[in-house]
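Examination of the molecular architecture
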Amino acid sequence: PRLLSQFFFADEKVTQVVAEINGLNAELDPQQYLVLLNQLHLSQAHLLAVLERIMEECIPTQRHSRDYLVKFPEELLVDNLGNHMLFAAECLLAGTFLEVEEMDGAQLRAQARNLLCSLELVRTVLREQSLSQPGSYPEPVQAVLIQFDWLFAEFELSYVSSLVAVKSPEEIYRQQEIVVLFCETVERALRLGYLTQEMIDGYEPLLMFTIPRLAIISGLLIYPEGPLSLEQSPEQMSQVFSPFYNLLKKIRDLLQVLSAEELCLLERSLCTAE
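Every value quoted in this text rests on a predicted model; they were computed, and no experiment measured them.

Turning our attention to the overall build of the protein. Of the regular secondary structure elements, the protein holds 10 helices and zero strands. Counting helices and strands in the order they occur from the N terminus, the protein gives α-α-α-α-α-α-α-α-α-α. Taken over C-alpha atoms, the radius of gyration comes to 26 Å for the protein, far larger than the 19 Å a tight globule of 274 residues would show. Considering only C-alpha atoms, the protein reaches an extent of 75 × 45 × 40 Å along its principal axes. Relative to its full complement of 274 residues, the protein shows a buried share of 38%. For the protein, restricting intrachain contacts to residue pairs at least 6 apart in sequence, the fraction spanning at least 24 positions comes to 72%. About 16,200 Å² of surface is accessible on the protein, with carbon and sulfur atoms providing 58% of the total.

A word on the nonpolar core. Formed by 43 residues in total, the largest nonpolar core has its most connected members in L51, I54, L126, L145, F148, F155 and Y159. Elements with a contribution of two residues or more to this core: helix 1 (3–22), helix 2 (30–58), helix 3 (81–94), helix 4 (102–132) and helix 5 (139–163). If you look at the next biggest cluster of nonpolar residues, it comprises 14 residues, including L181, A215, L230 and L248.

Taken as a whole, this structure holds zero disulfides when the rule is applied. C264 carries a free sulfur, and the closest cysteine sulfur to it, the one in C271, is 9.5 Å from it.

Next up on the list: helix 3. Given a rise of 1.5 Å per residue, 14 residues ought to cover 20 Å, and the 20 Å separating the end C-alpha atoms of helix 3 matches this to within 8%. Taken together, the buried positions of helix 3 are occupied by L81, N83, M85, L86, A88, A89, C91 and L92. Where helix 3 terminates, the next one or two residues include G95, which has phi positive at roughly 75°.

In this section: the domain arrangement of the protein. Taken as a whole, the protein is organised into domain 1 (3–163) and domain 2 (169–272). The C-alpha-based centres of domain 1 and domain 2 are spaced at 43 Å.

Quick look at the environment of N114 now. Along the chain, the position of N114 falls in helix 4. When the C-alpha atoms of N114 and Y159 are compared, they prove to be 14 Å apart, with 45 residues separating the residues in sequence.

The next thing to look at is the side chain of S130. Within the secondary structure layout, S130 lies in helix 4. Only 2.6 Å separates the side chain of S130 from the backbone oxygen of R127, close enough to count as a polar contact. What S130 contacts, discounting residues up to four positions off in sequence, is L4 and F8.

Definitions and cut-offs
- Residues numbered from 1 in each chain as written.
- Predicted model: local features only at pLDDT ≥ 70, side-chain atom pairs only at ≥ 80, totals over all residues.
- Heavy atoms only, no water.
- Helix = DSSP H or I, 4+ residues; strand = E, 2+ residues; numbered from the N terminus.
- Rg over C-alpha atoms; globule rule 2.2 N^0.38 Å.
- Buried < 20%, exposed > 50% of the residue type's maximum accessible area, 1.4 Å probe, protein only.
- Contact = heavy atoms within 4.5 Å.
- Areas by Shrake-Rupley, 256 points an atom, 1.4 Å probe, with all protein chains shown as cover.
- Core = buried A, V, L, I, M, F, W, Y, C linked by side-chain atoms within 4.5 Å.
- Disulfide = S-S within 2.5 Å.
- Expected span 1.5 Å × (residues − 1).
- Domains from an automatic or database assignment.
- Polar contact = N/O pair within 3.5 Å; in protein donor to acceptor, adjacent residues only side chain to side chain.

Shown next as structure tokens:
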């Protein structure tokens, strides 16, 4: 059950697969080469997962902040993101990654080299520790883990920023405003009887359509100074709504001519229509 013991065997598996790959002629047996590459990917992912648990146990208050992850596109926030970063570092160091601009590439290659060297040091230190005192993390072990964690975070941020447009602080704030708008919309809908707490607690599928529809009405009429304010330019709106700026203006103009009774009837119908 000891994490250092788990790390030892996970590290052994990575070493074994790497040795098999190095001893294989990929041109003569390409299928077996692909099988081994997949095994390496899985074994490295397991190794990093155990290492993550060790760092959480050993240096929980000294870890590099991961707040920058909110800047990343949602499609990148996958469970095995760390393993993708390790693979990218290896490709950069081998000179087989062509998507990175040359100016960024020089800096990223230096970061990748430092990261992979740090990982090798971590593997060596943790293997030795697992064989001597598998239940403790002395200060030298902690120092190695802290350095690796910081290098990994810095590389992750630099690498992703060089490939995709990360969200600006302004866009993050706009998205937070949308979250607030949705929360206020749900609170208002509960108060007016459009929704019930049982529907929310039961994850009623219809809510996936109902809440955004009600939020548009709330954002245009009830909270006109919020994230759907049409007094601002499309460029100032969140990317979620800016492509629909002209359509939102037409919807607002139509909503403004409705009476209170007609608006209530409309909102109730939006809670039932598919």
